Amino acid sequence: MSKPLELVATCALGLEGLLEEELARLGVADRARHKGAIGFHGDWRDVWRANWRLRTANRVLVTLDSWPAEDGDALAAGAGRLVARRERSWGGLDCTTLFQPHRTLAVRATSSASVLRDVRWINLRVKDGLVDAQRQAYGRRSSVDKSSPDLPLRIWLHKDRATLLLDTSGEPLDRRGYRVQSTEAPVRETIAAACVLASRWDGSGPVVDPMCGSGSLLAEAGSLVLGRAPGWLRTGWSFQRLPNYDQERFQAIRREPIPAGADGLELHGVDRSPEAIEAARANLAQAQLGEHARLVCGDAFEFQPPATAGLLLVNPPYGTRLEGGRDQWRRLGDLMKQRYPGWRAVVLAGDTDRGKHIGLRPSQRMPVRNGPLDARILVFDLY
Ligand SMILES: C[S@@+](CC[C@H](N)C(=O)[O-])C[C@H]1O[C@@H](n2cnc3c(N)ncnc32)[C@H](O)[C@@H]1O
């Protein structure tokens, strides 16, 4: 039996807890929490399943090697040694097969607390180390393809130690495949999914987003309730280009049942911008949720929600990207109290302090990095 793979699922800062719970639900036992990532062990089927099923992860990576790299020569030499050690294998995928020169590659670096800091130079040294060793071993070298490489490699330098990883996702996992139209400030799909997961909602009752923008929160709620994998509309992942990819085994993973909520999904979206409603309609249709969605152009404060309590999701406009002030937060708090009694509510507050003005006590407050912004996921039980 081959040694288990050392795997890493990355996520937005703040979502580590939710990602870890997702992995636990997939049966992953040995998890290690890091900043913006969860480490775990598994085999290639775990890699495929994680890419297919994780809603809050950005990418799934396989650790290939790790070595001390205090200077550029040590960095390049470590990368070269990896290619030269042909007996090396990762869960049955051997080094000779992986680093065949007909496969294109690209390296992307990050560096923290290390002497080497220039990420472009780090990329270059690692790439040179790899391709020089290929030339020695095979007489030929891989070409670099930055946009769609067969081997998307990551090099993480931390405290002068280099870790080389293979990105098995390719396009980040938030690219679900349903966003055909965008609006001014769409929330990333992984964060929208985090809002739904953070609510601990059991999937019963309607879902309302009274400021729905392009419909991401509704799309993620719908996908969860219908038990659809987040990746079901994607055209592919980079693991499918690896030599050990087994289509039949991946199909079996795709057929594994996913827990679903109650029948009768109802998604209600409101936005005062006609363009936003048009985008939400297009995106929800692409997500094959159109038949469940009722979208209206109007004011959130005028909308009359369904009588049955359900899940209220809202991502109000905020500072850096859209306007939004103290009064609007207070109004939103009043609206939640008055019109949504008995509902579970999640507010994605776009910057750190505005959510304070809502005038309600959240049962949970989760700081999260939403692209360049510090945001908060606030969960409320409305009485
Ligand atoms: C931050 S965006 C929501 C983005 C959305 N979550 C997405 O992923 O696309 C805020 C939205 O609230 C809408 N909005 C602001 N005030 C509103 C109001 N009073 N009634 C309805 N929509 C409103 C804006 O038009 C904008 O589309």
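Predicted model, so just to flag it, every value in this text is computed and none were measured.

Conventions used here
- Residues numbered from 1 in each chain as written.
- Predicted model: local features only at pLDDT ≥ 70, side-chain atom pairs only at ≥ 80, totals over all residues.
- Helix = DSSP H or I, 4+ residues; strand = E, 2+ residues; numbered from the N terminus.
- Rg over C-alpha atoms; globule rule 2.2 N^0.38 Å.
- Buried ≥ 20, exposed ≤ 12 C-beta atoms within 10 Å, placed from the backbone.
- Pairing = 2+ DSSP bridges.
- Axes fitted to C-alpha atoms, helices over the stretch in contact; angles between N-to-C directions.
- Near = placed C-beta within 6 Å.
- Nonpolar A, V, L, I, M, F, W, Y, C, P; charged D, E, K, R; others polar.
- Parallel < 35°, antiparallel > 145°, perpendicular 65-115°, else oblique.
- Left-handed = near helix turned anticlockwise from the far one by under 90°.
- Contact = placed C-beta atoms within 7 Å.
- Domains from an automatic or database assignment.

So what about the overall build of the chain? Which residues, and what values?
When helices and strands are tallied, the chain shows 10 helices and 16 strands. Taking 2.2 N^0.38 as the reference for a compact globule, 383 residues should give roughly 21 Å; the C-alpha atoms of the chain span a radius of gyration of 23 Å, in line with that estimate. Its C-alpha atoms give the chain principal-axis dimensions of about 70 × 45 × 35 Å. Scored against the burial criterion, the 383 residues of the chain give a buried share of 45%.

Give a detailed account of the sheet that holds strand 10 (residues 207–209), specifying residues and quantitative values.
The strand order 12-11-10-13-14-16-15 describes an open sheet built from 7 strands, whose pairing is mixed. In the strand order of this sheet, the two ends are held by strand 12 (293–297) and strand 15 (364–370), each with one partner. Strand-to-strand twist in this sheet, taken as the mean axis angle between neighbours without regard to direction, amounts to 15 degrees. Bridge count between strand 15 and strand 16 (residues 373–381): 7 bridges; the pairing is antiparallel. Looking at the pairing, Asn370 lines up with Leu373 of strand 16.

Go over the site of the ligand with me, naming the residues and quoting the values.
Looking at the ligand, there are 21 residues lining it, with Met211, Gly213, Ser214, Ser216 and Ala300 nearest. Mapped onto the shell around the ligand, the elements with two or more residues apiece are helix 7 (216–225) and strand 11 (267–271). Residue composition of the shell around the ligand, grouped by class: 12 nonpolar, 6 polar and 3 charged.

A description of the packing of helix 2 (residues 44–53) against helix 8 (residues 247–255) should follow, citing residues and the corresponding values.
Helix-helix packing: each pair is described by the crossing angle between the helix axes and the interaxial distance. Running from N to C, helix 2 and helix 8 point in directions that differ by 45 degrees, and their axes come no closer than 10 Å. Classified by the angle their axes make, helix 2 and helix 8 are oblique. With respect to the hand of their crossing, helix 2 and helix 8 are arranged in right-handed fashion. Contacts between helix 2 and helix 8 involve Arg45, Trp48, Arg49 and Trp52 from the first element and Arg249, Phe250, Ile253 and Arg254 from the second. Among the residues forming the contact of helix 2 with helix 8, the class breakdown is 4 nonpolar, no polar and 4 charged.

Residues and numbers for the sheet that holds strand 7 (residues 105–112), please.
A sheet is described by the order of its strands in space; here 7 strands give the open sequence 2-3-1-4-9-8-7, paired in mixed fashion. With one partner strand each, in any of the chains shown, strand 2 (31–34) and strand 7 form the two edges of the open sheet. On average, adjacent strands in this sheet sit at an angle of 30 degrees to one another, irrespective of strand direction. Looking at chain direction, strand 1 (residues 5–11) and strand 3 (residues 37–42) are connected through 6 bridges and run antiparallel. When the bridges of strand 3 are listed, Ala9 appears paired with Ile38. Helix 2 contacts strand 1, strand 3 and strand 4 (57–68) of the sheet and is inclined by roughly 140 degrees relative to strand 4.

Summarise the pairing of strand 13 (residues 311–314); cite the residues concerned and give the values.
Residues Leu311 and Leu313 of strand 13 are buried on one face, and the alternating residues Leu312 and Val314, pointing to the opposite face, are buried as well. Where strand 13 and strand 14 (residues 344–349) come together, 4 bridges link them in parallel fashion. Bridge assignment links Leu313 to a residue of strand 14, and that residue is Val346.

Which residues make up the pairing of strand 2, and what are the values?
Bridging between strand 2 and strand 3 involves 4 bridges; their strand directions are antiparallel. In the strand pairing of strand 3, Arg31 is matched with Phe40.

So what's going on with the packing of helix 6 (residues 189–198) against helix 7? Residues and values would help.
Orientation of helix 6 relative to helix 7, taken along the N-to-C sense of each, is 60 degrees, at an axis distance of 8 Å. In terms of orientation, helix 6 and helix 7 fall into the oblique class. The element helix 6 and its partner helix 7 pack so that their crossing is right-handed. Here helix 6 contributes Glu189, Ala192, Ala193, Cys195 and Val196 to the contact with helix 7, which in turn contributes Ser216, Leu217, Glu220, Ala221 and Leu224. Looking at the contact of helix 6 with helix 7 residue by residue, the classes come out as 7 nonpolar, 1 polar and 2 charged.

So what about the environment of Asp246? Which residues, and what values?
Tracing the backbone shows Asp246 in the loop between helix 7 and helix 8. Overall, Asp246 belongs to the exposed group, with 11 C-beta atoms counted inside 10 Å. Sequence separation between Asp246 and Arg45 is 201 residues, and the spatial gap between their C-alpha atoms is 9.4 Å.

A description of unusual backbone geometry should follow, citing residues and the corresponding values.
If you check the backbone angles, Lys159 has positive phi at about 50 degrees while not being a glycine. Note that Lys159 resides in the loop between strand 8 (151–158) and strand 9 (161–167). Within the chain, Gln288 stands out as a residue other than glycine whose phi angle is a positive 55 degrees. Residue position: Gln288 is located in the loop between helix 9 (274–286) and strand 12. A count of 16 C-beta atoms within 10 Å places Gln288 in the partly exposed class.

Account for the domain arrangement of the chain, naming residues and giving values.
By a widespread convention, an interface's size corresponds to the accessible area lost as its parts come together. According to the domain assignment, the chain consists of domain 1 (5–167) and domain 2 (189–229 + 265–381). The straight-line distance from the C-alpha centre of domain 1 to that of domain 2 is 36 Å. Counting residues at the interface gives 11 residues for domain 1, matched by 11 residues for domain 2. Tallied by class, residues from the side of domain 1 that touches domain 2 come to 6 nonpolar, 3 polar and 2 charged.

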